[in-house]
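Fold and geometry: a report
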Amino acid sequence: MTVLLEHDRRRPVQEHLDELTWRTTVLFTSIAVLTVAWSFVVNDVLGHMMDLLKPCADDCLNVYDPAQWSAVRWLTSLLLATFSSLPLAMFHVLSFSKPGLLPSEYTALRRWMIVLSIAMLGLTALMMTVWLPELYRLGFEQHVEAGLSAQYSAIDMLLVAAFCVWAIMVVAATWTGLVVMGRLGVVNSTTADGWRLRLYGVGSLLLVLSIPDHAQSMLLPLLATYWTTSELVGQRWLYAPPLAQGQAVERLDHEGRRQR
């Protein structure tokens, strides 16, 4: 027997899939439109980024592969469009999830998404304005001390910055998955290994495939940091006992359908 509350109604699975498809299409269309919109002003954004990242006072940045500059422009436009679409993405995720969540679960999900979005934007701003410029400055000082003539590739510097932003997004998505599924009881000590393989495996694959060739040396430290921080975030649920003990048994209902 199905128990329905006063405000509940029956909805077939296909209706949920249709709603998910519609919301995903709206989000991707918005990102595509914003990507085109950002492409008109991305040169100014890239110029400001190079001013922040440039470690020397004179002209030490060069574009050695002009054809790749277009790819950097569109990649930057896509990242800016993704960040601009965060409020819309949060709205659709919360609207789609609300009918299936308890009020406390919905409040926790909303609070987590807001805090994580602010933290992700803050980390991105710190990385672009403090951490990466300081890292490039230290490298430049070492080159000068070694008597080298410093000439850097602007494309390589921007690709590293874009990859760092992309890595922050991958880590944030993994943390969100762990927290949401942990609060819903999906992740526990019994299912932890399977979800580690799914979440960490997909995230690690995205990082491995997207890292620039000239930044391969930072891959292993990045993956180690990614796995360690994800374990710390999800340890509350990854090592928790399951809510229900035992094994589900299949039976046939009055209409001959299999139920667990």
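Look above for the structure.
Anyway, here's the lowdown on the structure attached to this text. (Residues numbered from 1 in each chain as written. Predicted model: local features only at pLDDT ≥ 70, side-chain atom pairs only at ≥ 80, totals over all residues. Heavy atoms only, no water.)

Remarks on the overall build of the protein
Of regular secondary structure, the protein possesses 8 helices and 4 strands. Each helix (α) and strand (β) of the protein, taken in turn from the N terminus, gives the series α-α-β-α-α-α-β-α-α-α-β-β. Against the compact-globule benchmark of 18 Å for 260 residues, the protein has a radius of gyration of 23 Å, which places it well outside the compact range. A principal-axis box enclosing the C-alpha atoms of the protein has dimensions of 80 × 40 × 30 Å. In the protein, buried positions account for 35% of the 260 residues. By sequence separation, contacts in the protein at least 24 residues apart represent 76% of the contacts at least 6 residues apart. When the accessible surface of the protein is summed, it comes to about 16,500 Å², and 65% of that surface belongs to carbon and sulfur atoms. (Helix = DSSP H or I, 4+ residues; strand = E, 2+ residues; numbered from the N terminus. Rg over C-alpha atoms; globule rule 2.2 N^0.38 Å. Buried < 20%, exposed > 50% of the residue type's maximum accessible area, 1.4 Å probe, protein only. Contact = heavy atoms within 4.5 Å. Areas by Shrake-Rupley, 256 points an atom, 1.4 Å probe, with all protein chains shown as cover.)

Side note on the environment of arginine 251
Tracing the sequence through the fold places arginine 251 in strand 3 (residues 251–252). Those residues in contact with arginine 251 that lie beyond four places of it in its chain are Arg257, Arg258 and Gln259.

As for the packing of aromatic side chains
Counted by the stated rule, this structure contains 2 aromatic pairs. When the ring of phenylalanine 140 is compared with that of tyrosine 152, the centres are 6.4 Å apart and the planes differ by 65°; the resulting orientation is edge-to-face. Separated by 12 residues along the polypeptide, phenylalanine 140 in helix 5 (residues 103–145) and tyrosine 152 in strand 2 (residues 152–153) bring together distant segments of the chain. Tyrosine 152 shares its class with phenylalanine 140; the two are buried. If you follow lysine 98 out to its NZ or CZ, it ends over the ring of tyrosine 106, 5.2 Å from the centre. Sitting over the ring of tryptophan 195, arginine 198 keeps its end group 4.8 Å from the ring centre. (Phe/Tyr/Trp six-rings, centres within 6.5 Å; stacked < 30°, edge-to-face > 60°. Lys NZ or Arg CZ within 6 Å of the ring centre and 35° of its normal.)

Some remarks on the pattern of salt bridges
Taken as a whole and judged by the stated rule, the model has 6 salt bridges. Glutamate 134 serves as the salt-bridge partner of arginine 137, at 2.3 Å between the closest nitrogen and oxygen. On the criterion of helical spacing, the pair formed by arginine 137 and glutamate 134 is a turn pair, its members being 3 residues apart in helix 5. Overall, glutamate 134 belongs to the partly exposed group, its relative accessible area being 35%. In this structure, arginine 137 and glutamate 141 form a salt bridge, with 2.3 Å as the shortest nitrogen-oxygen distance. A residue pair is termed a helical-turn pair when its members lie 3 or 4 positions apart in one helix, as arginine 137 and glutamate 141 do in helix 5 at 4 residues. Look at glutamate 141 and you get partly exposed, because its relative accessible area is 34%. It is possible to trace a salt-bridge network through shared partners that takes in Glu134, Arg137 and Glu141. (Salt bridge = Lys/Arg side-chain N within 4 Å of Asp/Glu carboxyl O.)

Observations concerning the environment of leucine 132
Assignment of secondary structure puts leucine 132 in helix 5. The exposure class assigned to leucine 132 is buried, which follows from its relative accessible area of 6%. Placed 78 residues apart in sequence, leucine 132 and lysine 54 show a C-alpha to C-alpha distance of 9.8 Å.

Quick word on the packing of helix 4 (residues 86–97) against helix 5
At a minimum axis distance of 11 Å, the contact between helix 4 and helix 5 shows a crossing angle of 165°. Here helix 4 lies roughly antiparallel to helix 5, going by the angle between them. Here the hand of the crossing between helix 4 and helix 5 comes out right-handed. In this structure, helix 4 contributes Leu86, Met90, Val93, Leu94 and Ser97 to the contact, and helix 5 contributes Tyr106, Leu109, Arg110, Met113, Ile114, Ser117, Met120 and Leu121. Looking at the contact of helix 4 with helix 5 residue by residue, the class counts come to 10 nonpolar, 2 polar and 1 charged. (Axes fitted to C-alpha atoms, helices over the stretch in contact; angles between N-to-C directions. Parallel < 35°, antiparallel > 145°, perpendicular 65-115°, else oblique. Left-handed = near helix turned anticlockwise from the far one by under 90°. Nonpolar A, V, L, I, M, F, W, Y, C, P; charged D, E, K, R; others polar.)

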